[in-house]
Amino acid sequence: MWSECFDKVIFTVLDDLLELAAGAQKDYRNMEGTLLLAIKLLSKVFLQQLQELSQLSTFCKLWLGVLTRMEKYMKVKVRGKKSDKLQESVPELLKNILLVMKTKGVLLQRSALGGDSLWELTWLHVNNIAPSMRLEVFPDQESTQLCDDETVSNGLSSPETGTTGS
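Residues numbered from 1 in each chain as written. Predicted model: local features only at pLDDT ≥ 70, side-chain atom pairs only at ≥ 80, totals over all residues. Heavy atoms only, no water.

J.: Mind showing me how you'd approach the overall build of the chain here?
T.: If you tally the helices and strands in the chain, you get eight helices and two strands. Ordered by position from N to C terminus, the α and β elements of the chain give α-α-α-α-β-β-α-α-α-α. Of all 166 residues assigned to the chain, the portion counted as buried reaches 37%. In the chain, of all internal contacts separated by at least 6 residues, the share reaching a separation of at least 24 is 64%. (Helix = DSSP H or I, 4+ residues; strand = E, 2+ residues; numbered from the N terminus. Buried < 20%, exposed > 50% of the residue type's maximum accessible area, 1.4 Å probe, protein only. Contact = heavy atoms within 4.5 Å.)

See below:
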């Protein structure tokens with residue numbers, strides 16, 4: 001049921017609001033505030049239902065839907081300019097979601113919930129929103145990544161791929 005709620009209600013409302021904000025001939029009162037409330041709603045419902053949602057076979061698709069909306073809300077222009085409130089709030093909401101997902105074991109580098117693809121797809125989207133967030137949420141990943149990079153550049157076998165750098 002939650003998957004349908006996201007697909008048919010929450011995502012639809014967020015998408016419709018984006019359309020209204022982007023192409024509005026009419027000057028809606030406090031459109032920026034409405035967009036902010038909508039993205040907060042998405043974040044709150046997602047976090048409150050995370051345990052149940054993470055058990056769904058469609059979790060990866062649902063999570064990508066959340067990330068896609070957050071990315072769009074970062075780029076939306078209200079009255080011709082980007083929203084300062086959204087530019088500030090979306091990365092904070094996303095960081096909170098990522099920290100909870102990390103704590104609950106939903107988002108791990110080697111995750112059973114979609115394997116490496118969930119991890120990689122997450123960071124592809126997050127990098128478009130806030131490039132430094134990966135190191136904020138997973139500071140221990142920096143040293144792992146540096147070691148992997150050095151191993152490959154020195155021509156040694158990478159433990160993840162089994163390939164050599166030559």
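Moving on, there is more to tell.
J.: Help me out: how do you make sense of the nonpolar core in this one?
T.: The nonpolar side chains of soluble globular proteins are, as a tendency, buried together. Of all hydrophobic cores here, the largest spans 45 residues; its most connected members are I39, F46, W63 and Y73. At the level of elements, α1 (2-23), α2 (31-48), α3 (50-53), α4 (59-75), α5 (84-103), α6 (115-129) and α7 (133-137) are the ones that each hand at least two residues to this core. (Core = buried A, V, L, I, M, F, W, Y, C linked by side-chain atoms within 4.5 Å.)

J.: Explanation requested: α1 in the structure shown.
T.: Since the α-helix turns once every 3.6 residues, residues separated by three or four places project in the same direction. Between its first and last C-alpha atoms α1 spans 30 Å; for 22 residues at 1.5 Å apiece the expected length is 32 Å, and the two agree. Where α1 bends most, the angle comes to about 35°, and this point is T12. Of all the residues in α1, the buried ones are S3, F6, I10, F11, L14, L17, L18 and A21. Buried residues belonging to α1 abut α2, α3, α4 and β1 (77-78). (Expected span 1.5 Å × (residues − 1). Bend = angle between axes of the 7 residues up to and from the residue.)

J.: What should I look at first to understand the pattern of salt bridges in this one?
T.: This model, assessed by the stated rule, comprises five salt bridges. For D15, the salt bridge identified is with R69, shortest N-O distance 2.9 Å. Remark: R69 occurs in helix α4 and D15 occurs in helix α1; sequence separation between them is 54 residues. (Salt bridge = Lys/Arg side-chain N within 4 Å of Asp/Glu carboxyl O.)

J.: Would you explain the environment of K75 in this entry?
T.: Mapped onto the fold, K75 is located in helix α4. With 53 residues separating them in the primary sequence, K75 and N128 have C-alpha atoms 10.0 Å apart.

J.: What am I meant to see in the packing of α2 against α4 here?
T.: A pair of packed helices is characterised by two quantities: the angle between their axes and the separation of those axes. Following both chains from N to C, one finds α2 and α4 inclined at 155°, their axes separated by 11 Å at the closest point. As the angle between them shows, α2 and α4 are arranged roughly antiparallel. You can see that α2 and α4 cross each other, and the crossing is left-handed. Of the residues in α4, those touching α2 at L35, A38, I39, L42 and F46 are F59, L62, W63, V66, R69, M70 and Y73. Broken down by class, the residue content of the contact of α2 with α4 amounts to 11 nonpolar, no polar and one charged. (Axes fitted to C-alpha atoms, helices over the stretch in contact; angles between N-to-C directions. Parallel < 35°, antiparallel > 145°, perpendicular 65-115°, else oblique. Left-handed = near helix turned anticlockwise from the far one by under 90°. Nonpolar A, V, L, I, M, F, W, Y, C, P; charged D, E, K, R; others polar.)

J.: Would you mind showing me how to read the packing of aromatic side chains here?
T.: The way to describe two aromatic rings as a pair is by their centre distance and the angle between their planes. One pass over the full model with this rule turns up seven aromatic pairs. Relative to F59, the ring of F46 lies with its centre 6.2 Å away and its plane at 25°, an arrangement referred to as stacked. Separated by 13 residues along the polypeptide, F46 in helix α2 and F59 in helix α4 bring together distant segments of the chain. Like F59, F46 is buried. Both rings, one in W119 and one in W123, keep their centres 5.5 Å apart while their planes meet at 70°; by these two values the pair is edge-to-face. In this pair, W119 and W123 both sit in helix α6, four residues apart, roughly one turn of the helix. (Phe/Tyr/Trp six-rings, centres within 6.5 Å; stacked < 30°, edge-to-face > 60°.)

J.: I would appreciate a short explanation of α2 in the present structure.
T.: In a regular helix each residue adds 1.5 Å, so 18 residues correspond to 26 Å; α2 covers 26 Å between its end C-alpha atoms and thus fits that length. Burial in α2 covers these residues: M31, G33, L35, L36, A38, I39, L42, S43, V45 and F46. Against α1, α3, α4, β1 and α5 lie the buried residues of α2.

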